[in-house]
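Each chain, letter by letter, is given below.
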There are 2 protein chains.
Amino acid sequence: MTPATPIDYDDAPQILDNPTSQRVARVAGLARRQARSKHGRFLVEGPQGVREAVRWAPERILDLYMTESAASRHPGIWAEARAAGLYRHLTTAEVMAAMSTDAQGVLAVAAMGESSGADALARALEGARLVAVLTGAQDPGNAGTIIRAADAAGADAVILLRGSVEATSPKVVRSTAGSLFHLPVITGVGLEEAIGALRAVGLTILAADSRGDTDIFEAEGSAAAGGLLSAPSAWLLGNEAHGLAPEALSRADTVISIPILGRAESLNVATAAALCLYASARAQRA
Amino acid sequence: MTPATPIDYDDAPQILDNPTSQRVARVAGLARRQARSKHGRFLVEGPQGVREAVRWAPERILDLYMTESAASRHPGIWAEARAAGLYRHLTTAEVMAAMSTDAQGVLAVAAMGESSGADALARALEGARLVAVLTGAQDPGNAGTIIRAADAAGADAVILLRGSVEATSPKVVRSTAGSLFHLPVITGVGLEEAIGALRAVGLTILAADSRGDTDIFEAEGSAAAGGLLSAPSAWLLGNEAHGLAPEALSRADTVISIPILGRAESLNVATAAALCLYASARAQRA
């Protein structure tokens, strides 16, 4: 726990104390997909996510809101935001509660930025060696956890294909624990477009699926298949209930399975993603 | 999709159609921890979990409830339950909705069984080679996902130490996707008791923590440390926000970290658990 530190609020405006103001309603409204898409902005809730956004993507932050008690618990966030010249607002606990119930006193409104479509995808893939492609994940917690695992495994980008859960929904953002601001997370592209872009930069397309006949751990152990995993790669990851669709499976160079040693029918998609991405990271590093 | 099959309901009672009956209230009440603990029973919601419970632990199922449409979508569950001599009940959609909103028409009431305390722990550890120990996980989705990953990695048991999320809360049960019925999930023991029992059966105690100075992947690669991972082991896993408590860390033979190759501060605890358990499974198999 960082000890509470006196904060210089000199340059901060008055404390926002009206929970029924238009501003509060506008911020709270970003919990709805339609409002996010109309305004091109989304919510970052909680100290961890906001800290990473302030540090790694300050240009995307439009407004930072903190309660006084949160500002004294997290003086570093306030100071970094100030140094970056961000719009900072102190709020009462009531105003914060009216804007978000999951913010723990720390909330940012961020711009979606240039993360959608073919051009954004091409920029993200320049020089990429490891990419995760979500082809149909629907659960926000899974999608966020995959983005976080991809970041940890040193991936260069994550692509959420059209038909996946929306990348800026509050629960996805929270589950990424800030990783949403560490690497490009590209949306608004379809399967064919993504495959084309991935092949254009020379990435091998691997599919993670229980129907694969290459066991990922045998692959790592053998020289031939170890070569497979050490190549710059993109991993296609499926839907929670249905796995990969046939059209995705058919576009992969190799379909790779994770061995199930107990009685489980399958792995959670985020668990499978982490095992695959780390297997590639390990092989590429070796 | 399994085609709908005519089902022989001859031996089934009349369709339960009163959503305000005492029975319905009693079942719905098991969503509350206090009621679960008082009655020693819990809910298994959804076809996947119920199918696994019927198949692997029918002796724990006290009652099975299915709507008519779910019974025709999942004739196998009904038939297996009948063969096992379970109490089966058809319900109207209204009755099902009053009992659970997450059951997709398939619900079981199960007995907690002999899964708590020192004796249950000793039985579960007989001959064990791989065990996961949750020392303070609070998020039900994480706990369930770890149980599922432990099952997939071939672990012999999972221990949820006192202070962890409750193993039979509806979201934990759903997140295990049936794995709760595949391997012993032991509760009601504290850290010291668990460490004693693990050591008594000769297990090495490994801790997964970012403060570890042994990198799990280097450990796998080196002969010496590979020997470490191939030994029969129990993995201590920490809390989502705070990691492992000092008293848990200090009881480990080796503290092992997962390398973070990108900018993420840490891994989700369920992701870390899966990487650790599969690393052990791989080393033990090699």
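Predicted, not measured: the structure shown is a model, and the values here were computed from it.

Parameters and conventions
- Residues numbered from 1 in each chain as written.
- Chains lettered and ligands numbered in written order.
- Predicted model: local features only at pLDDT ≥ 70, side-chain atom pairs only at ≥ 80, totals over all residues.
- Heavy atoms only, no water.
- Pairing = 2+ DSSP bridges.
- Helix = DSSP H or I, 4+ residues; strand = E, 2+ residues; numbered from the N terminus.
- Buried < 20%, exposed > 50% of the residue type's maximum accessible area, 1.4 Å probe, protein only.
- Right-handed = clockwise from strand over helix to strand, strands pointing away.
- Least-squares fit on C-alpha atoms with pLDDT ≥ 70 in both.
- Contact = heavy atoms within 4.5 Å.
- Phe/Tyr/Trp six-rings, centres within 6.5 Å; stacked < 30°, edge-to-face > 60°.
- Axes fitted to C-alpha atoms, helices over the stretch in contact; angles between N-to-C directions.
- UniProt positions renumbered as here; feature names shortened; annotations may be inferred.
- Parallel < 35°, antiparallel > 145°, perpendicular 65-115°, else oblique.
- Left-handed = near helix turned anticlockwise from the far one by under 90°.
- Buried area = accessible area lost by both parts, 1.4 Å probe.
- Salt bridge = Lys/Arg side-chain N within 4 Å of Asp/Glu carboxyl O.
- Expected span 1.5 Å × (residues − 1).
- Polar contact = N/O pair within 3.5 Å; in protein donor to acceptor, adjacent residues only side chain to side chain.

(A) Region of interest: the sheet that holds strand E9 (residues 214–215) of chain B. Residues and elements named next belong to chain B. Ordered in space as E7-E6-E5-E10-E8-E11-E9, the seven strands form an open sheet in which the pairing is parallel. Two strands lie at the open edges of the sheet, namely strand E7 (185–186) and E9, each paired on one side alone. Note: strand E6 (residues 157–160) against E7, two bridges, orientation parallel. Within the sheet, the bridge partner assigned to Val-158 lies in E7 and is Val-185.

(B) Spatial organisation of the pairing of strand E5 (residues 130–134) of chain A. All names here are of chain A. Of all the five residues making up E5, five are buried; the element is thus mostly covered by neighbouring parts of the structure. Alternating residues of E5 divide into Leu-130, Ala-132 and Leu-134 and Val-131 and Val-133, and every residue in both groups is buried. Strand direction decides the pairing type here: E5 and strand E10 (residues 233–237), joined by five bridges, are parallel. When the sheet's bridge partners are listed, Ala-132 is paired in E10 with Trp-235. Across four bridges, E5 lies against strand E6 (residues 157–160) in parallel orientation. Residue Val-133 lies in a different strand from E6, and its bridge partner there is Ile-159. Note that the unit made of E5, helix H8 (residues 140–152) and E6 has a crossover that is right-handed.

(C) Up close: the relation of the copies chain A and chain B. Between chain A and chain B, which share one sequence, the superposing operator has a rotation angle of 180° and an axial displacement of 0.0 Å; the RMSD is 0.0 Å. On this basis, the relationship between the two copies can be described by a two-fold rotation axis. Residue by residue, 100% of the interface of chain A is reproduced at the interface of chain B, so both copies engage with the same surface.

(D) Highlighting the packing of aromatic side chains. Residue and element names in this part refer to chain A. If you walk through the whole model with that rule in mind, you get four aromatic pairs over all chains. Taking the centre distance of 6.3 Å and the plane angle of 10° together, the rings of Phe-42 and Phe-181 count as stacked. Taken as a pair, Phe-42 in strand E1 (residues 41–45) and Phe-181 in the loop between helix H9 (170–176) and strand E7 (185–186) lie far apart in primary sequence, 139 residues in all. Judged by relative accessible area, which is 0%, Phe-42 ranks as buried.

(E) Structural context of the pairing of strand E11 (residues 254–257) of chain B. Residues and elements named next belong to chain B. Residues of E11 alternate between two faces, with Thr-254 and Ile-256 on one and Val-255 and Ser-257 on the opposite face, all of them buried. Bridge count for strand E8 (residues 204–208) against E11 is three bridges, and the pairing is parallel. When the bridges of E11 are listed, Ala-208 appears paired with Ile-256.

(F) Expanded view of the sheet that holds strand E4 (residues 106–111) of chain A. Residue and element names in this part refer to chain A. Spatial strand order, E1-E4-E2-E3: four strands in an open sheet with mixed pairing. Two strands lie at the open edges of the sheet, namely E1 and strand E3 (88–91), each paired on one side alone. Mean inter-strand twist for the sheet, computed between neighbouring axes without regard to direction, equals 20°. This element, helix H5 (residues 75–83), spans strand E2 (61–67), E3 and E4 of the sheet and lies at about 145° to E3.

(G) Spatial organisation of helix H1 (residues 22–29) of chain B. Looking at H1(B), one finds that the buried residues are B:Val24, B:Val27 and B:Gly29. Lining the buried residues of H1(B) we find helix H2 (33–39), strand E1 (41–45), strand E2 (61–67), helix H6 (93–99) and strand E4 (106–111) of chain B.

(H) Just the UniProt feature "domain: RNA 2-O ribose methyltransferase substrate binding" (unreviewed entry) in chain A, in detail. According to UniProt, the positions carrying the feature "domain: RNA 2-O ribose methyltransferase substrate binding" (unreviewed entry) are residues 43–116 of chain A. Helix makes up 43% of residues 43–116 of chain A and strand 27%, and the two end C-alpha atoms of the span are 17 Å apart.

(I) Structural detail: the packing of helix H3 (residues 47–56) of chain B against helix H5 (residues 75–83) of chain B. Residues and elements named next belong to chain B. The geometry of H3 relative to H5 is characterised by a closest axis approach of 9 Å and an angle of 25° between their N-to-C directions. Viewed along their axes, H3 and H5 adopt a mutual orientation that is roughly parallel. Here the hand of the crossing between H3 and H5 comes out left-handed. Together, Pro-47, Val-50, Arg-51, Val-54 and Arg-55 of H3 and Ile-77, Glu-80 and Ala-81 of H5 make up the contact between the two elements.

(J) Fine view of the interface of chain A and chain B. Chain A puts 34 residues into the contact, and the matching count from chain B is 34 residues. Note on chain A versus chain B: buried area summed over both sides is about 3000 Å², and carbon and sulfur give 57% of it. Remark: the boundary between chain A and chain B carries two salt bridges. Ionic pairing is found between B:Arg285 and A:Asp215, a salt bridge with its closest N-O pair at 3.7 Å. Per element, the largest residue contribution to the side of chain A that touches chain B is seven residues, and it comes from helix H14 (residues 269–285) of chain A.

(K) Structural detail: the side chain of A:Arg36. Summarising the element assignment, A:Arg36 is placed in helix H2 (residues 33–39). Ignoring any residue separated from it by four or fewer positions in sequence, one finds A:Arg36 in contact with A:Leu30, A:Ala31, A:Arg41, A:Phe42, A:Met112, A:Glu166, A:Thr168, A:Ser169 and A:Pro170.

(L) Main features of helix H14 (residues 269–285) of chain B. Spanning 17 residues, H14(B) covers 24 Å between terminal C-alpha atoms, matching the ideal 24 Å at 1.5 Å per step. The N-capping residue of H14(B), defined by a side-chain oxygen 2.7 Å from the backbone nitrogen of B:Ala270, is B:Asn268.

(M) Summary view of the environment of A:Glu265. Mapped onto the elements of the fold, A:Glu265 is located in the loop between strand E11 (254–257) and H14. The contact partners of A:Glu265, leaving out residues within four places of it in the chain, are B:Gln48 and B:Glu52.

(N) Quick peek at the pattern of salt bridges. A complete count under the given rule lists 19 salt bridges over all chains for this structure. Here A:Arg23 ties to A:Asp63 by a salt bridge, and the two come within 3.8 Å at their closest N and O atoms. A residue pair is termed long-range when its members are at least 10 positions apart, and A:Arg23 in helix H1 (residues 22–29) and A:Asp63 in strand E2 qualify at 40 residues. Given a relative accessible area of 15%, A:Asp63 falls into the buried group. The partner of B:Glu80 in a salt bridge is B:Arg55, and the shortest N-O contact between them spans 2.6 Å. A residue pair is termed long-range when its members are at least 10 positions apart, and B:Glu80 in helix H5 and B:Arg55 in helix H3 qualify at 25 residues. For B:Glu80, a relative accessible area of 28% gives the class partly exposed. Given the relative accessible area of 43%, B:Arg55 is considered partly exposed.

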